[in-house]
Amino acid sequence: MPIEKTYDSAATETRLYARWEQSGAFKCDPASAKVPYCIMLPPPNVTGSLHMGHALINTLQDILIRFERMRGKDVLWQLGTDHAGISTQMVVERQLAAQGLNRREMGRDAFLKKVWAWKEESGGTITRQLRRLGASGDWSRERFTLDDGLSRAVAHEFVTLYNQGLIYKDKRLVNWDPKMLTAVSDLEVESVEVKGHLWYFKYPVENSDEFITVATTRPETMLGDTAVAVHPENEKLKHLIGKNAVLPLVGRLIPIIADTYADPEKGTGAVKITPAHDFNDFEVGKRHKLPMINIFDQHAHLNDEVPEKYRGLERFAARKQIVAEMEELGLLEKIEPHTHAVPHDEKSKTVVIEPWLSEQWYCDVRGMADKAVDAVRDGKTQFVPRQWENTFYAWMNDIQPWCISRQLWWGHQIPAWYGPDGKVFVAESAAEAQAQADKHYGKPSEIKRDEDVFDTWFSSALWPFSTLGWPDKTPELSRYYPTDVLMTGFDIIFFWVARMMMMGIHFVGDVPFKKIFISALVRDEKGQKMSKTKGNVIDPIDVIDKYGCDALRFTLANMSTPGRDIKLATGRIEGNRNFATKLWNAARFCQMNECAWRADFNPAAVTQTVNQWIVGETKQAVDKIAAHLDEFRFDLATSTAYEFVWNNFCDWYLEFTKPVLSGTDEAAKAETRATTAWVLGQILHFLHPFMPFITEELWQQFTGSEAMLITAAWPVIDAPADHAAREEMNWLVRLISDIRAVRAELNVPAGAQVPLQVKGAGAETRARLERHAAIIARLARLSGVTHVETIAKGAAQSVLGEAVLILPLAEIIDLDQERARLKKEGEKLAAEIKKIEAKLGNKEFVDRAPPEIVEEQRERKAEAEATLARLEAAQKSLAG
């Protein structure tokens, strides 16, 4: 069928995706004899919509999935979404509030019905958008972290760990959200820079005229102070260690203790210790066995632990009153402006998170963490890039008991029930818990279920094996576990990756993944983090609508360089849309020149030098791309593909073969047409993982094949390299490129026909010049080629092999003017390089500047050096 004049990405993407999915091309086959290959999609929040970070990580996963599918493996890309406890509950509560409704007035069951209804109506946005991105995962196996099977797995996880003595209840400090009324994880807390104050309070020393001064950003917490800490080597204050201070407004005596947490060089050298409302103070309190006085209720209002006049006050109102009263008592030494980081809820960024002492469920993961660390050290799981292993070790070595309970309603309700006397019964079902209770009490007894739900990460930790049927021993679990690679962002190495490692080893007995690929951050073109407030967010769906999915995918893959963030500019995406257009037009050119696909074509049998050359170059490109993908070098794989298609195939091979296709040698013409069609077919194959839509569409239109490219085999080219052909054609490419470069650097008019003189050419070079005279003249825009013994004055020259290439330009350009221009531009570039070198040589700049700024300076230096080298070469070519 004739290839259409232009490519309609929107219509094509919708049509092809539906065809792929309906054909079953995405499905795995557990009964297959093929080698299995499995990737677990990091389940996006059901509340979410696709952002550029999602687009990057899912593009890279899909590239590997399509690549390995083409390599003949039984591929499972396990898809699904996360119930996202706090995020989803916030969304629904906000909607209810707009209707004047409150979840606590509604009751748990009615509220959960509303959340499920919202999930069914609005929760599919992210999965629809993943389809727009071309994600070829197994939708027939899509899971949701609250579906029945995964819920059963979570209950089994909890009961097993509890029975092993690894889960317990404890009263510890947590991040408390006083609006949502729940503990939240560190990932759900965002530090916001706030312009606040440091209040300096004087605490009287018992039986003394002395005062000990402490500085605080949170005056309201002083009512819960249980000590003042001083560094044991603080010469000014160590004489007070062992004495008591009188806590103002309360009258409680609190000890002055020695602890290295107090920095003698910071503030006053003394630190008030409030163990129930500060994480550092909590650790000091444990070391010194201090009382932990919780002065706030769940709403962050002062409770009955404080003097009566403060009870019921909201924390910030209490702050004002306490400061005023300390000033009246003459105990406010001074107030200083102070900018500091204050923890806020990461969703709205409006609620200040309170460190709060509360009873929660905890999981002791120390032993599991050690085994996960050992697995990485032993190479059972490898991080890519390797430097992230150190981050993993640091977090794991400092691991604390994991708070797994949340005071929410949306999530996996904790399978623990309480008897009349508070005794806890842990079981996988209410019936089992009831049986335990009846046996314990010796009669039927009423039990009440714990109202809390699990931290979302507690269920997500099971994702690599619960989705495969665990705790049952299913064929899928034995076939696809451990999975091949996990691809995710660095920000959840601890929150998710580490926990999957721990739970996988603990419950299944093996690591959940062989490789962990940590992706880059996607920033704007200036290297700034994308955010709605900055107005620099690039929406991937908008990009797909404008430029097509393939252009976005290819750009993200091409910019995915290990260890470097992506500075995304729409100009890059537009450039790769142009690449797609180039491919489309090349295919149309092939078809218009009667280059027809032949399934039985044998690339090893070609005889024409130009065809032997392109066959060898094609094989080399295919092998390089596969090797780069095996090493997760998406940048190098796409660069190899781009360079081959744009340069080798379009710019060189198609140009080299035009004389053949318009010539009279029918055998050469037939071979060249067949070779051209074969090369285009290989291009469509090796580009398919990166640009699935345009390649599938061209495959159908160019070959007329009923079989789809998505399930085609990865090219395996069994054709020995013809070194003579490669050497000759690469020589021809270098010759024309050198002449073009000289013309460009010296501003030779594009239409000017320039004579080429060659000095010192050997017999082989002379033969090549004669064989390819017409192509050289046409592509280098030459009036002719002659051999000379001397170099005329005012001629540009360059060396190719044993020969000197000479372009007499004295009558075409003003040589003196060109020399002056080149000198001026070279001096300007040299000055710029010197300036950048001074910056990079400044240790203070390198240490203080953001890494992306330092990297940008290095890139500018490399670019300037390359340009300077070209200018110097041009100057040298005009010497004499």
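Just so you know, the residues in each chain are numbered from 1, in the order the chain's sequence is written. For a predicted model such as this one, the threshold for reporting local features is a pLDDT of at least 70, and the threshold for listing and counting side-chain atom pairs is 80 or more; totals across whole chains, interfaces and linings nevertheless cover every residue. Side-chain metrics rest on all non-hydrogen atoms present in the structure, leaving aside hydrogens and water.

A. Representation of the packing of aromatic side chains in the model. Each pair of aromatic rings taken from Phe, Tyr and Trp, with Trp reduced to its six-membered ring, is defined by centres within 6.5 Å and is described as stacked if the planes are under 30 degrees apart, edge-to-face if over 60, and tilted in the remaining cases. A full pass over the atoms with the stated rule returns 41 aromatic pairs. Judged by centre distance (6.4 Å) and plane angle (35°), the rings of Phe 554 and Tyr 642 are tilted. Placement of Phe 554 in helix α18 (residues 549–558) and of Tyr 642 in helix α21 (residues 634–661) is noted, with a sequence separation of 88 residues between them. Residue classification places Phe 554 among the buried residues on the basis of a relative accessible area of 0%. On the basis of relative accessible area, Tyr 642 is assigned to the partly exposed category, the value being 26%. Among the aromatic residues, those joined into a cluster by ring pairs are Phe 158, Tyr 162, Trp 361, Trp 402, Phe 454 and Phe 458. Look at NZ for Lys and CZ for Arg. If either is within 6 Å of the ring centre and within 35 degrees of the ring normal, a charge sits over the ring. Here Arg 103 stacks its cationic end above the ring of Trp 409, 4.7 Å away from the centre of that ring. Sitting over the face of the ring of Tyr 393, Arg 377 holds its NZ or CZ atom 4.0 Å from the ring centroid. The numbering of helices and of strands both runs from the N terminus, where a helix is a DSSP run of H or I of at least 4 residues and a strand a run of E of at least 2. Classification of residues uses two cut-offs on accessible area relative to the type maximum, computed with a 1.4 Å probe and protein chains only: under 20% is buried, over 50% is exposed, and between them is partly exposed.

B. Spotlight on the sheet that holds strand β27 (residues 795–800). Strand pairing requires that DSSP identify at least two bridges connecting the strands. Sheet architecture is open: four strands sit in the order β26-β25-β28-β27, paired in mixed fashion. Across the chains shown, the open sheet's two edge strands, defined by having one partner strand only, are β26 (782–788) and β27. Neighbour-to-neighbour, the strand axes of this sheet turn through a mean angle of 25°, independent of strand direction. Bridge count for strand β25 (residues 754–759) against β26 is six bridges, and the pairing is parallel. Across the sheet, residue Leu 756 finds its bridge partner in β26, namely Val 785. Think of each axis as a best-fit line through the C-alpha atoms, taken over the contacting stretch in the case of a helix, with angles from 0 to 180 degrees between the N-to-C directions.

C. Molecular detail of the layout of surface pockets. Using a grid of 1 Å spacing that covers the protein atoms alone, one calls a set of points a cavity when a 1.4 Å probe fits there but cannot get out, and a pocket when the set is open and has protein on both sides within 12 Å along at least five of seven lines; lining residues are those with an atom within 4 Å of a point. Grid points are joined across faces, edges and corners, and a volume is the space filled by probe spheres set on the points. By volume, the second largest pocket amounts to about 1,100 Å³. Taken together, 39 residues line the second largest pocket, and the ones lying closest to its centre are Thr 216, Thr 217, Arg 218, Asp 278 and His 340. If you list the elements that add at least two residues to the lining of the second largest pocket, you get β6 (189–204), β7 (211–216), β11 (270–273), α8 (279–288), α9 (315–328), β12 (332–345) and β13 (354–363). The dominant element in the lining of the second largest pocket, judged by the number of residues it contributes, is β6, at six residues.

D. Main features of the packing of helix α19 (residues 570–592) against helix α22 (residues 666–687). Two numbers describe how α19 lies on α22: the axes approach to 10 Å, and their chain directions differ by 150°. Between α19 and α22, the angle is such that the two are roughly antiparallel. Every pair of crossing elements has a handedness; the one defined by α19 and α22 is left-handed. Every residue of α22 that contacts α19 at Phe 579, Leu 583, Ala 587 and Cys 590 is listed here: Thr 676, Leu 680, Ile 683, Leu 684 and Leu 687. Any angle from 65 to 115 degrees is called roughly perpendicular, while one under 35 is roughly parallel, one over 145 is roughly antiparallel, and all others are oblique. Two helices that cross are described as forming a left-handed crossing if the nearer one is turned anticlockwise from the farther one by less than a right angle, and a right-handed crossing if clockwise. Any two residues whose heavy atoms approach within 4.5 Å are treated as being in contact.

E. Highlighting the environment of Thr 6. Take Thr 6: it is sitting in the segment before α1 (9–23). Expressed as a C-alpha distance, the spacing of Thr 6 and Arg 588, which sit 582 residues apart in the sequence, is 9.6 Å.

F. Molecular detail of the environment of Thr 81. Checked against the element boundaries, Thr 81 lands in strand β2 (residues 74–81). When the C-alpha positions of Thr 81 and His 688 are compared, they lie 27 Å apart, and in sequence the two are 607 residues distant. Excluding anything up to four places from it in sequence, Thr 81 contacts Pro 43, Pro 44, Val 46, Ile 126, Thr 127, Arg 143, Phe 144, Thr 145 and Trp 463.

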